[in-house]
Amino acid sequence: MIDGWFPTLIYNDTLNFQHRQYLVNKAKTIYSQTQGHTVTKWACDTYNTVGFYDHRSDQDTVVLSLLELLRTRVHEFGKNYGINLPIETLYCKDFWFNLAEPGAYQEYHQHTRSHFSVSYYLAVGENCGKIRFRSIEAMTDMYTLPVESNLENFASRKTCAYEPVEDLLLIFRSNVPHMVEKNHSEDLRISISANFEYA
């Protein structure tokens, strides 16, 4: 008998948010006003609005309606883990825009101090860089199995990737390592990230 344990769950769906273009314009406005002022600890050069935009003080009704929609999706996703708390106990801890110029990327990282994280794509170009997830086991795998890439299966695969398309929503546990590949398009890749926590 062989048992399968410790799955990594990733929610993916089309959000169909009617004000997506409004958010694209908002992201570009913040970008134009603050570009060149960001100082991060990242090796990559993907711009984000952390430190420049606070959704709580802004109180933009479009952003707030998006967050409520995201909260509903995150809450439904959380039920797969056995979470039976009321949705009122789930709140958005962090929210920011990401704008990746041609050539920009994001190295592997995790979102600490939250339960679930969201990636929502607002605008993408062809070949603008996949988002890639890596199993936590891969971080400690010091002696990898000699498996040919075309023979990988659910037991040996350590990464998976999603091609960004406009309106794509991904939800995952915040501790799952993830990165974004280099933007090989000639367009900005614009997305939203958010962290949610059950209080």
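Preceding block: the structure.
Since the structure is predicted, the reported quantities are computational estimates derived from the model, not experimental observations. (Residues numbered from 1 in each chain as written. Predicted model: local features only at pLDDT ≥ 70, side-chain atom pairs only at ≥ 80, totals over all residues. Heavy atoms only, no water.)

**Side note on the packing of aromatic side chains**
Tallied over the entire structure, the rule returns 10 aromatic pairs. Here Y81 and F116 contribute two aromatic rings whose centre-to-centre distance is 5.6 Å and whose plane-to-plane angle is 55°, an arrangement assigned as tilted. Of the two residues, Y81 is situated in the loop between helix 3 (61-78) and strand 3 (90-100) and F116 in strand 5 (residues 116-123); the sequence distance between them amounts to 35 residues. Using a relative accessible area of 33% as the deciding quantity, one classes Y81 as partly exposed. A relative accessible area of 1% places F116 in the buried class. Pairing F95 with F97 gives two aromatic rings, centres 5.4 Å apart and planes at 85°, and the pair type is edge-to-face. The two residues F95 and F97 agree in class, both being buried. A connected cluster of aromatic rings, assembled from ring pairs, spans Y11, F77, Y81 and F116. Stacked on the ring of Y108, the Lys or Arg R134 has its end atom at 4.0 Å from the ring centre. Across the ring face of F116, the terminal group of R173 is positioned such that the distance to the ring centre comes to 6.0 Å. (Phe/Tyr/Trp six-rings, centres within 6.5 Å; stacked < 30°, edge-to-face > 60°. Helix = DSSP H or I, 4+ residues; strand = E, 2+ residues; numbered from the N terminus. Buried < 20%, exposed > 50% of the residue type's maximum accessible area, 1.4 Å probe, protein only. Lys NZ or Arg CZ within 6 Å of the ring centre and 35° of its normal.)

**Remarks on helix 3**
Its 18 residues give helix 3 an end-to-end C-alpha distance of 25 Å, which sits within 8% of 26 Å, the value for a rise of 1.5 Å per residue. The opening residue of helix 3, the one whose side-chain oxygen lies 2.8 Å from the backbone nitrogen of V62, is D60. (Expected span 1.5 Å × (residues − 1). Polar contact = N/O pair within 3.5 Å; in protein donor to acceptor, adjacent residues only side chain to side chain.)

From the geometry alone we can't say anything about function, so treat these as descriptive.
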